Amino acid sequence: MPLLDFQRDRPIYLQIADEIGRRIIRGALPPGAQLPSVRELAAELRVNPNTVQRAYQELEREGVVFTLRGQGTFVKEDPAMVAGLRARAAREAARRFWREARALGLSPAEAVALVVDMGHSEGEGDG
Amino acid sequence: MVEARGVGKRFGRVWALRDVSLTVPRGVICGLLGVNGAGKSTLLRILAGVQRPTQGEVRIGGHRPGRVTKARVAFVPESDHLYRWMDVQDALNFTATFFEDFNHGRARELLRLMQLEPSSSISSLSRGFRARLKLVLALARDADLVLLDEPLSGIDPISRDRIVEGILRGYRPLRSTVLIATHLVGEVETMLDRVVFLHNGRVVLDEGAEALRAARGLSVEAIYREVLA
């Protein structure tokens, strides 16, 4: 996992968990894939191993990964779980966009129209 | 692992440390953060057993600092104590003669990580590479307590990054306790379990790093600036 750019003003373990979630959604970490060892990921990210440990525990708590003692941590083979992750991430992205759009005085219809338009021009252009 | 209770240190009429109490459990990486002159080095030297407190009690693994603890503590002072006439391998062998717990296998691995050649003469090493070597010499031991005094100061950014990586790869997460004294808060904060701010010889903050971020919505560096400004 290449170096992440963390925000240091928010708990880092949550950001690591979020990033792992994103990679699972994208398919970069497919079902059954093994996550790096806590030690290895911590050294690569230049963070405390306990921070990575907490991130893994959080993901386990959410049913996204599971840990086999002495073997490592693995992505759960569960399509419904991945779909759920994607749905949650999409909702969160929508929430962020809507917050900004509303602050700019857009109505929901105007905001939706913008997104549809963007989707169309991406289809025509380079995307 | 480390217990300090009401520790004070006076030099002449000046109190370098006042009523310092802290507990650092085994396996924790703790940052001792403060400006130059805040008392960080003095505290590390007391924990290392190189200096005695004027007041208060210190216990390292239950023992007072002394011969027993010194065998289990790796102290890397800010000053450059490497002998210029030696090469890297000489420095390893020299350190090994003093400490039974010196692990040559780990030393070799760490040398590789730090991109240090055993045959390089120390006089040919830049400051950054000498700092890397100092770290290797400390982490190659199976010390219960690793004390690093300003391991990154005055060091080039690439060496800093290697040193941070070296600490994370080289320390023993369940066994060693690491105390890092520095004013370069931003460079080390993601590595720290706990942060202790020292100001004018007193502890003004002692919290978990992630807990601070969650509670304050600020980086440890931003909180440091706020608290010590």
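Refer to the structure printed above.
Remember, it's a predicted structure, so these values are computed and weren't measured experimentally.

Visitor: Which parts of the structure should I look at to understand the side chain of B:Lys9?
Guide: All names here are of chain B. Here Lys-9 is to be found in strand β1 (residues 2–11). Here Lys-9 is buried and forms no salt bridge, its nearest opposite-charge partner Glu-57 lying at an N-O distance of 14 Å. A polar atom in the side chain of Lys-9 sits 2.8 Å from the backbone oxygen of Arg-52.

Visitor: Quick question: what am I supposed to make of the sheet that holds β1(B) here?
Guide: One key point about sheets: their strands pair by backbone hydrogen bonds, in either a parallel or an antiparallel sense. Residues and elements named next belong to chain B. In spatial order, the strands read β2-β1-β4; together these three strands make up an open sheet with antiparallel pairing. Single-partner strands in this sheet number two, and they are β2 (14–24) and β4 (55–60). Strand-to-strand twist across the sheet, computed as the mean angle between neighbouring axes with direction ignored, equals 20 degrees. Sheet topology note: the β1/β4 ladder contains five bridges and is antiparallel. When the bridges of β4 are listed, Arg-5 appears paired with Glu-57. Lying on the sheet, helix α1 (residues 40–48) is in contact with β1, β2 and β4; it crosses β2 at an angle near 60 degrees.

Visitor: Any chance you could explain helix α5 (residues 127–139) of chain B here in plain terms?
Guide: Because each turn of an α-helix spans 3.6 residues, side chains separated by three or four positions end up pointing in the same direction. Residue and element names in this part refer to chain B. Its 13 residues give α5 an end-to-end C-alpha distance of 19 Å, which sits within 8% of 18 Å, the value for a rise of 1.5 Å per residue. Among the 13 residues that make up α5, 11 are buried, leaving the element largely enclosed by the rest of the structure. Looking only at α5, the buried set comprises Gly-128, Arg-130, Ala-131, Arg-132, Leu-133, Lys-134, Leu-135, Val-136, Leu-137, Ala-138 and Leu-139. Buried residues along α5 sit against β5 (73–76), α3 (88–98), α4 (104–113), β6 (145–149) and α6 (157–170).

Quick notes on the rules
- Residue positions are given per chain, counted from 1 along the sequence in the order it is written.
- Chains carry letters and ligands carry numbers; both start at the beginning, A for chains and 1 for ligands, and go up in the order they are written.
- Confidence filtering applies because this is a predicted model: local features only for residues at pLDDT of at least 70, side-chain atom pairs given and counted only at 80 or more, and all residues used for totals across whole chains, interfaces and linings.
- Calculation of side-chain values draws on the structure's entire complement of heavy atoms; hydrogens and water are dropped beforehand.
- Put simply, DSSP marks the helices as runs of H or I at least four residues long and the strands as runs of E at least two long, and each gets a number from the N terminus on.
- Remark: exposure states derive from per-residue accessible area (1.4 Å probe, protein chains only) relative to the maximum for the residue type, with buried under 20%, exposed over 50%, and partly exposed in between.
- Residues scored as positive are Lys and Arg, those scored as negative are Asp and Glu, and His as well as the terminal groups of each chain are ignored.
- Think of a salt bridge as a Lys or Arg side-chain nitrogen and an Asp or Glu carboxyl oxygen that are within 4 Å of each other.
- Throughout this description, a polar contact denotes any pair of N or O atoms lying within 3.5 Å of each other; where both atoms belong to protein, one of them has to be capable of donating a hydrogen while the other can accept it, and for residues adjacent in sequence the pair is counted only when both atoms sit in side chains.
- Each pair of strands is called paired provided DSSP finds at least two bridges between the two strands.
- What counts as an axis is a line fitted to C-alpha atoms, over the stretch in contact for a helix, and the angles between N-to-C directions run from 0 to 180 degrees.
- Throughout, a contact is declared for two residues whenever any of their heavy atoms are within 4.5 Å.
- Expected helix span is computed as 1.5 Å times (number of residues minus one).

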